[in-house]
Structure formats: C-alpha cells, structure tokens
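# Tertiary structure, described
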Amino acid sequence: MVLYEPNWDHHIPLPKLGPLHSRLVTAFVALICFINSYDGDFVFDDSEAIINNKDLNPDTPLSNIWKNDFWGSNLSSNSSHKSYRPLTVLTFRINYLLAGGLHPIGFHVLNVALHCVISVLMIDVFAILIGGLVHDGRGVKLSLFPKASFLAALFFAAHPVHTESVAGIVGRADLLCALFFQLSFLVYCKAFQGCDKKFSVLWIFGSILLCAVAMLCKEQGITVLGVNAAYDILMVCNLNIYELAHQLLCRRKSADIGGMMRSGLLMRLALLFLGGSFLLYARWRIMGTGPPSFTEVDNPASFAENVILRIVNYNYYYSLNAWLLLCPWWLCFDWSMGCVPLIKSATDWRIVWPLLLWCCLMGLVYQALCSQDSNKRRTLTFGLVLLVIPFLPASNLFFRVGFVIAERVLYLSSAGYCLILAYAVGYCSCHWKKHKRLLRAATLTLLCVNVARSAQRSQQWRSEQSLFTSALSVCPLNAKVHYNVGKNLADRGNQSAAVKYYREAVRLHPKYVHAMNNLGNILKERNELKEAEELLSAAVHIQPDFAAAWMNLGIVQNSLKKFDEAERSYRNAIRFRKKYPDCYYNLGRLYADLNRSIDALNAWRNATMLKPDHSLAWNNMVILLDNTGNLAQAELIGKEALKILPKDHTIMFSLANVLGKQEKYKESEGFFLNALKINPNVASCHGNLAVLYHRWGKLDLAKRHYELSLRLDPSAPGTKENYNMLKRKLEQRQRTVG
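Just so it is clear, the model here is predicted, and its values are computed rather than measured.

## Looking at the state of the cysteines
With the rule as written, the count across this model stands at one disulfide. Shown here is the disulfide that connects Cys-339 with Cys-475, its sulfur atoms set 1.8 Å apart. With Cys-339 in the loop between α13 (307–326) and α14 (352–370) and Cys-475 in the loop between α18 (464–471) and α19 (479–491), this residue pair connects regions lying 136 residues apart in the sequence. On the accessibility criterion, Cys-475 (1% relative accessible area) is buried. Cys-116 carries a free sulfur, and the closest cysteine sulfur to it, the one in Cys-33, is 9.1 Å from it.

In structure tokens, the structure reads:
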C-alpha cells in the first residue's frame, strides 16, 4: 500500500486521544444523544411492524419470517409492501422472547446500543477512507488521520437526523443494515492486508456474504458493493481519475490502466458484480408478484405526467434531504400528503434549491477530481461516494419509492456528509491558523447543538402524542400529521379535540378515506348520524373496497332505521374482506333488530368461527336463545363459549340467567358468584343473583344482594320493586314466627 503523509490532521481542533479513548468518547456521545428514548413507547410504524406483527409471537412458526414481509404480510400478497427484512424481524422476535412479551424498553435499549457500536466502527471506516489501510512492520494497523476520523465519527454519532432510526424501533432495520454494511467494507479491506500485489479471494467472498446479511436487514445493504468497488479503484489501485481522463482525451497511453489490470482489479470487480447480480436476482425472486404498488399521496412526484416536472421535483427532494443533513432542525415523522407541494412551473422560487444543490455538488466533484492535493481528492471523493451511493435506492432513479422524504434512509448517507464536514473543519484549521480558537469554539458548539437537538428529538419520539404534535409546526399542510394527532387524541378519549384534527385532515386531502372513516365513527358515537352517513358514503365512493368504511356505514344506516341499505353495506364489507368477524357481529345485530332470529344466530356463529374469542357474538347468541325460549340450546352455547373464554363475566352472567330459568339454582349460583369475583361492581349481576335466591327461597341472601345492587345503582330497573316485595315477605314471615 502507498503511504500518505498527513498534512492537515494535526490542525483539527481536537485533543489527540488513543484508539481506546476515542472509541469510548464516541460511544458516550452516541449514548447521551439518544439514551432518553430507552423507556419510550411503541410509536407510529411500530404498531404495524411489532405490535400487530404475528411473526414476533413465539407461537408463530419461525419459518414464517422467511415467507413474510417486514410487516408480517405474505410476500405473495398483492397488498404486501415487499420489504423483505427477516433478520431484523428475527431480532424483534428475540426481544419479545427475552422480555416475555411486548415491552418496549428492551427494543429501545438494543437500538441505542447498536447506534453506539456503529458510531465506534465509523472511526475505523473513516480512518481507512481518509488515510488508507496502512500497517507497521509488525502488521499492526496504523491510523494516519486519527483526529479527522474521530471528529467525523463524533459528527455521525450526534447527528439529529438519526433520531428516527434510533428512537423509532422500526429503525432497527437501518441500524442492522448499517452495521453489516460497515463489516462488509472492513472485511473487504482485509483482503489487502498482505503484499500490494496480492489479495485474498476468501475475504472478498466474506464481504459479499456480509452484504447479503445487510440486505436481509434492509435492502439498502446492497450499496456496500459500490463503496467497496470505489475503494478498490481509488485507494487500492490509487487511480487518479482526473489524470486518467486527461490521458484518454489526449489519446496517450496510461500506465495506470495496465497497472490496475495486473493488480487483479478486473477479477475483484467481476466478483463484486457477480455477487451483487446474484443478490439482486434472489431479491427479485423473493419479491414474488412484482414491485409494491404505491399511491400518489405517498410519492406525488413519481406520478407527474410531465417528465421534466418529475425530474425537477425529484431534484427538489434531493435538496431537502441535503438540507436535513446541513440543518436538522425541521424533522418530521412523515413527509407525505401535501407536506412538500409539487413544483409545477419555472416561476416557483423553490426551483433555486435544486440549482444550489447541484452547484455545491459540482464544486465538490471538481475539487475531488482536479485538486492537486491528494488528501483532499481522496477525502472528498470518498465523502461523495458515501453520501451518494447508499442514497441511490431511495432516489427514485431505479424504481418508485413509497415516500417523499424519509429521514431513516439518510442514516448511512450522513456518514459521507460527516466525512466532508470533518475535512472542512481540518481545511479551515489548516488555512486559518490565526482563528484556531474560534474554529475550536465553533466545532464544539456545533457538536453540542447536535447533541442537544438529538436529545430533544429523541424525547419527542418517546410517545405518539409528542411525536405527532411536534410535526404540526414542521408540516402543517400534511394531512397525515393531522390524522395521526386526531387518532391519538381519540385513543386517549378526547374525541371533541380529535374531530377538529380529522376535519382538517379531510380539508387538506379531500380523498383521505381513513380520516373520513374515523371522523364518521366519532360522529356516529355522538349521534350526529346524518353527517356520519355522508362522510362514510363518500369514503366508500372514493375507495369502493374499503371494508371498514362499509361496515361503519352499515352501523349508521342501522341506527337511522335504513335496514335494507344497512344490510347491503354489511354485505359489501364482507365481500371485500372475507374474514371479517366484527362485520358478521353487526350484521347479526341488524337481523336481531328485524326479528330474523335464525339469520342473526348464523351471523354470530360465523363471527365466532372467524374469531373464537369474540365475546359479544357469543353473549348475544346466549341472550337471543334465552329470549326466544331455547333455554337448552342457550345453555349449550354458553358453556361452549366459556371453554374458550373461561374468565368472561358477561357470558357467565347470561348463562347463569338461563340456568336460573331452568331451575338449576345451584349451578346458576356458581356462575353468578364467579362473575362477581371477576367484576364485583356490576349492579345487574347482584340484582339477578338476588332474584335467583328469592326464587330459591334463600331470602336472607336475596336481601343482601338486592341491597348491594341498589347501593351500586339506586335506579336499577325492577330491583327496588323486587326488594320491596322481599321485605314484605320477610316481615310477613317474621309476624308469622312471632
């Protein structure tokens, strides 16, 4: 390997620390940035990827993680997101097993620990990219730029744009991908530890294998092969691209080309190309039915009919990503649904930002290619390589992605930015020696600001309430932000406030069917049935296969006594979602209201077959059979239900009533008492048990439970009359005894 004399590293305004101390400091900085997220909740996408993902449950076969996508849907399904990350899901499953359930603290702790490890490994990655892979006579690796690599790693450890990946548990995919990305690169570098002209094919295969592991954590892992190839060409073969281009243009024979061929570059690049091609082919085969389908609200620029507009808006998105790296103050959990309006004309002032971005990039590329300083060329080139190559899968260049901006995809790309920033600090320190104290203060201030912003942002990621409300000032035009704030408020019982945010979501995006559905539900509960019907009808008109909206429309129509329309709505819901137990339950209620008892029983039976623990469906069957005089069948159904739901006090109560009517007093008493053990404050249960004792002749016990019932609910229907009747009977018995 060629040795490079450091000429700017010692000017960097940082103390020179040993390898161990620099790693400990980097890990500490990474830790303090995100440690306050360790006891946060499951937020945003965590609900789908973790809480509702059956692949985490130990009862689910482990083989399912290799057949399903990241969200637990089968990859062959048309509705699948096609994000194949089985190793990430496996770590979630291990977290679940170790914690004995869905306890978020273990998930968060592992995320923070991974970020610390990645930040520490970045020191080695940056040291190799800046100074090359150099060893002393004993084979010990030397770091020619210890301060520069340390500073770049500190910038990486504290960058606020990483918050989504670290504080959001779903960001585990980005963390694991980055870890194996680093390991793949470091293992590739190991192939050149010996003599300059020799390399180890075994280490190269190991690097490709680690690339495959990175891909099984997140698809972005494939990009490490591009970084490895760039390192091989620019560092191992020491190619000067500017000189090579000049020689080729002047038609002069280049000594560099022949030297590279003799060094085995073509063989190594062929191995990387074949390995990458195989991994891409395997990934394509696993994807099954083709790429995922996204809607216009997910990525509006990709749906623009005019190619020029599409290109302009893609470049505007790139400039916004660059701004998040430069000034990570405006961070948002979601950038879709109108958050970034499209540029539609040349007079839109925002067109300046893509132009400014390309001017800056061209300036960096010029310096990276044409500078006489080999250190500058090398550092800036690798900074651009790390900045651009990991971002390519999110660039819309090869396929449509399902987002406008996603902070998590910048996790790896930010390493390139941090390397360029560290070089900028070193360059300024080298050329502005009179202002060294000012530069030291500015560098320290930047690090402190980033640490503070990361800590503040990770605090916002601790709960959905703080996360969603923090986005209102960043993306006030984003309908999804208002929807999520409304949903969070509704889940916490504040429906009045939720209505305001749902209405704003629908105003911002008039075809937002999920906001219409949720708003319709709240209006239904507030008995504002007419507006609820209008909203839900509009939702199913916009999206005819929206099963939940059809069911909710049926409930509203049932309440409005529009029974025929309600039945049609329920049938539509079931047509679009075959396995829909809640819809069968509501259909049964409709039939019960229409005195179609057999149809009601069949609907509720379907609900329990699809969802065996559907308590309401079981209970309604028992009550309906009781009311229609089918006591024996009601008893059988009640006992069948309790085998599945042995602690359901409502079913115990209904079954006890049935047994009491059959004069099976002892058995009925047992179910009443068991129901009261589970929920002792149910007035109707005490009242009905009192009636049982009254009939049974146990008048003192009857008196006691009547009194308990009236104490819990003084206006309980019939209880006061029964109690007065019992008192008269007890007084009569007392007089008789007297």
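The discussion continues.
## As for the layout of surface pockets
A water-sized probe, rolled over the atoms, reveals where empty space remains. Space inside the second largest pocket adds up to approximately 1300 Å³. Along the wall of the second largest pocket there are 43 residues; nearest its centre are Tyr-318, Ser-319, Asn-321, Ala-322 and Trp-323. Contributions of two or more residues to the lining of the second largest pocket are made by α13, α14, α15 (374–388) and α16 (410–431). Among the elements that line the lining of the second largest pocket, the one with the most residues is α13, at ten residues. For the lining of the second largest pocket, the class distribution of residues is 38 nonpolar, four polar and one charged.

## Description of the packing of helix α23 (residues 547–559) against helix α25 (residues 581–593)
Between two packed helices, the angle of one axis relative to the other and the distance separating the axes together describe the packing. Two elements in contact, α23 and α25, have axes separated by 10 Å at closest approach and are oriented at 15°. One finds that α23 runs roughly parallel with respect to α25. When you trace α23 past α25, the crossing you get is left-handed. Seen from α23, the contacting residues are Met-551, Ile-555 and Asn-558; seen from α25, they are Asp-582, Cys-583, Asn-586, Leu-590 and Asp-593. Within the contact of α23 with α25, the residues separate by chemical class into four nonpolar, two polar and two charged.

## Topic: the domain arrangement of the protein
Taken domain by domain, the protein comprises domain 1 (22–287) and domain 2 (300–458). Using C-alpha coordinates to define each centre, domain 1 is positioned 20 Å away from domain 2. Contacts between the two partners involve 48 residues from domain 1 and, on the opposite side, 44 residues from domain 2. Of the roughly 4100 Å² buried between domain 1 and domain 2 on both sides combined, carbon and sulfur atoms contribute 74%. For domain 1, the biggest contributors to the area lost against domain 2 are Phe-155, Val-161 and Glu-164; these three give 17% of the whole. Scanning the region where domain 1 abuts domain 2 turns up one salt bridge.

## Regarding the packing of aromatic side chains
Applying the stated criterion to the full structure yields 21 aromatic pairs. Taking 6.2 Å as the distance between ring centres and 35° as the angle between the ring planes, the aromatic pair formed by Tyr-281 and Trp-284 counts as tilted. Of the two residues, Tyr-281 and Trp-284 are both situated in helix α12 (residues 265–287); the distance of three residues between them amounts to about one turn of the helix. With relative accessibility at 54%, the residue Trp-284 sits in the exposed group. Plain terms: the ring middles of Phe-333 and Phe-468 are 4.9 Å apart, the flat faces sit at 50° to each other, and that makes the pair tilted.

## A short note on helix α28 (residues 631–644)
Since the α-helix packs 3.6 residues into each turn, any two residues three or four apart lie on the same face. Compared with an ideal rise of 1.5 Å per residue, which puts 14 residues at 20 Å, α28 spans 20 Å between its outermost C-alpha atoms and is within 8% of the ideal. Those residues of α28 that sit buried are Leu-631, Ala-634, Glu-635, Ile-637, Gly-638, Ala-641 and Leu-642. The buried residues of α28 occupy an angular sector of 170° when the element is viewed end-on, so they sit on one face. Opposite its buried face, α28 presents the exposed residues Leu-636 and Lys-643, each directed more than 90 degrees away. On its buried face, α28 is in contact with α26 (597–610), α27 (615–627), α29 (649–661) and α30 (665–678).

## What to know about the packing of α27 against α28
In contact at an axis separation of 8 Å, α27 and α28 are set at 165° when each is read in the N-to-C sense. On the basis of the axis angle, α27 is roughly antiparallel to α28. For α27 against α28, the interelement crossing comes out left-handed. On the side of α27, the interface is formed by Trp-618, Met-621, Val-622, Leu-625 and Asp-626, while α28 contributes Leu-631, Gln-633, Ala-634, Ile-637, Gly-638, Glu-640, Ala-641 and Ile-644. Class assignment of the residues belonging to the contact of α27 with α28 gives a composition of nine nonpolar, two polar and two charged.

Conventions used here
Residues numbered from 1 in each chain as written. Predicted model: local features only at pLDDT ≥ 70, side-chain atom pairs only at ≥ 80, totals over all residues. Heavy atoms only, no water. Disulfide = S-S within 2.5 Å. Helix = DSSP H or I, 4+ residues; strand = E, 2+ residues; numbered from the N terminus. Buried < 20%, exposed > 50% of the residue type's maximum accessible area, 1.4 Å probe, protein only. 1 Å grid on protein atoms, 1.4 Å probe; cavity = no way out; pocket = protein on both sides within 12 Å on 5 of 7 lines; lining within 4 Å. Points joined across faces, edges and corners; volume = space filled by probe spheres on them. Nonpolar A, V, L, I, M, F, W, Y, C, P; charged D, E, K, R; others polar. Axes fitted to C-alpha atoms, helices over the stretch in contact; angles between N-to-C directions. Parallel < 35°, antiparallel > 145°, perpendicular 65-115°, else oblique. Left-handed = near helix turned anticlockwise from the far one by under 90°. Contact = heavy atoms within 4.5 Å. Domains from an automatic or database assignment. Buried area = accessible area lost by both parts, 1.4 Å probe. Salt bridge = Lys/Arg side-chain N within 4 Å of Asp/Glu carboxyl O. Phe/Tyr/Trp six-rings, centres within 6.5 Å; stacked < 30°, edge-to-face > 60°. Expected span 1.5 Å × (residues − 1). Arc of directions from axis to C-beta.

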